[in-house]
Amino acid sequence: MSLQAVSRSKAFGGIQGVYRHHSRETGTEMTFSVYVPPQAIGQACPVVWYLSGLSCTHANVTDKGQFQRACAELGLIFVAPDTSPRGHGVPDDPDGAYDFGLGAGFYVDATQAPFAANYRMESYIVSELPEVIAEAFNADMGRQGIMGHSMGGHGALTLALKTPGRWKSVSALAPICSPMHCPWGEKALTGYLGADHAAWRRYDATALLEDGARVAELLVDQGLADTFLEGQLRPQLLEAACRAAGVPLTLRNQRGYDHSYAFIATFMEDHLRWHAERLCG
């Protein structure tokens, strides 16, 4: 593995870094950020993965998520991947829309041309990037949690449901709860996977729960002033699926909060402490 450090800065006693490597899954250069807390100098630390939303890169949460102080206190490594492959020749939405193509990989392994060659974000997050993290950082890969926002919340929920035992804790901020039943998801799943709705079910948290997938528990925060709440996010579908499946869900409806990084930054520390309780004991 050849890992290039793009930048490294000291923060709260640890190191906030941005790194680049060539991905075997996407066939492109991929950039991601990692915060390594000061505790990692002497011991392997648990890892929290953060999956970002539509139109984002690793930089949005790294610059605006306000996680470094809490991770330094709690001894958590924080990994923020990109949201899609990028670079020359990587296909994009033909109309340049923000909700498909570059910045909108939806954490799927695409099967449809021309996206199948590069858009392998599920395999990148689940298989390849953990190998990079384990080799390059003092990470305890036996203690991993995953969280995400919006499209990344969808990614966190579905990846956790499909890889039981990998993640010891799972949470989401304003997740897309059922891509099969919202415009963002219908567009993305059609473009990446084709028209067969049966193939979509493994990329829909509510469908995965209906089909028998389970996690120990979930934490979800949702802003009630979020303009995407009813049309795109639909947390009531996740709530009903968890109730039917017997999966404990803590759904916290936050009055006055929208979909922005102000919302994310407000509740980031709550989520990190929740993960730390389950990862650190």
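Residues numbered from 1 in each chain as written. Predicted model: local features only at pLDDT ≥ 70, side-chain atom pairs only at ≥ 80, totals over all residues. Heavy atoms only, no water.

Participant: Quick one: what's the story with the overall build of the protein, residue by residue and with numbers?
Facilitator: Across its full length, the protein carries ten helices and nine strands. Structurally, the protein occupies a C-alpha span of about 50 × 40 × 35 Å along its principal axes. Within the protein, the proportion of its 281 residues that are buried is 58%. A total accessible area of about 10,800 Å² is found for the protein, and carbon and sulfur atoms account for 49% of it. (Helix = DSSP H or I, 4+ residues; strand = E, 2+ residues; numbered from the N terminus. Buried < 20%, exposed > 50% of the residue type's maximum accessible area, 1.4 Å probe, protein only. Areas by Shrake-Rupley, 256 points an atom, 1.4 Å probe, with all protein chains shown as cover.)

Participant: Outline the pattern of salt bridges, supporting the account with residue identities and numerical values.
Facilitator: Under the definition given, this model contains 18 salt bridges. Two residues, R143 and D140, come together in a salt bridge whose shortest N-O distance is 2.7 Å. On the accessibility criterion, R143 (24% relative accessible area) is partly exposed. Here D140 falls in the partly exposed class, since its relative accessible area comes to 23%. Here the residues in one salt-bridge network are R24, E25, D109, R120 and E131, joined through shared partners. (Salt bridge = Lys/Arg side-chain N within 4 Å of Asp/Glu carboxyl O.)

Participant: Can you tell me about the packing of aromatic side chains, naming the residues and giving the values?
Facilitator: Counted according to the given criterion, the structure contains 14 aromatic pairs. The interplanar angle of 35 degrees and the centroid separation of 5.9 Å between the aromatic rings of Y19 and F32 together place this pair among those described as tilted. Linking Y19 in strand β2 (residues 14–22) with F32 in strand β3 (residues 29–36), this pair joins segments that are 13 residues apart in sequence. You'll find Y19 and F32 in the same group, each marked buried. Considering the side-chain rings of Y50 and F78, the 5.8 Å spacing of their centres and the 25 degrees angle between planes classify their relative orientation as stacked. With a gap of 28 residues between them, Y50 in strand β4 (residues 45–51) and F78 in strand β5 (residues 77–80) connect regions that are remote in the sequence. F78 carries the same exposure label as Y50, and that label is buried. Here R202 stacks its cationic end above the ring of Y203, 5.0 Å away from the centre of that ring. (Phe/Tyr/Trp six-rings, centres within 6.5 Å; stacked < 30°, edge-to-face > 60°. Lys NZ or Arg CZ within 6 Å of the ring centre and 35° of its normal.)

Participant: Before we move on, could you go through the environment of S9 and cite the residues and values that matter?
Facilitator: Residue position: S9 is located in strand β1 (residues 3–11). On the basis of relative accessible area, S9 is assigned to the partly exposed category, the value being 42%. It is 9.5 Å that separates the C-alpha atoms of S9 and Y35, two residues lying 26 residues apart in sequence. In this structure, S9 is in contact with G14, I15 and Q16, ignoring residues within four places of it in sequence. (Contact = heavy atoms within 4.5 Å.)

Participant: Lay out the sheet that holds strand β8 (residues 218–223) with the relevant residues and their values.
Facilitator: Sheet strands pair via backbone hydrogen bonds, and the direction of the pair is either parallel or antiparallel. Ordered in space as β1-β2-β3-β5-β4-β6-β7-β8-β9, the nine strands form an open sheet in which the pairing is mixed. Every other strand in the sheet has two partners, leaving β1 and β9 (249–254) as the edge strands with one partner each. Direction aside, the axes of adjacent strands within the sheet are offset by 20 degrees on average. One ladder, built from six bridges, connects β8 with β9; its direction is parallel. Along β9, the bridge assignment pairs Q222 with N253. Most of the contacts of helix α9 (residues 235–245) go to β9, to which it runs at about 155 degrees, and overall it touches β8 and β9. Its contacts with the sheet place helix α10 (residues 261–280) against β4, β5, β6 (139–149), β7 (169–173), β8 and β9, and it is angled at close to 170 degrees to β7. (Pairing = 2+ DSSP bridges. Axes fitted to C-alpha atoms, helices over the stretch in contact; angles between N-to-C directions.)

The quantities given are spatial measurements derived from coordinates; they are silent on function.
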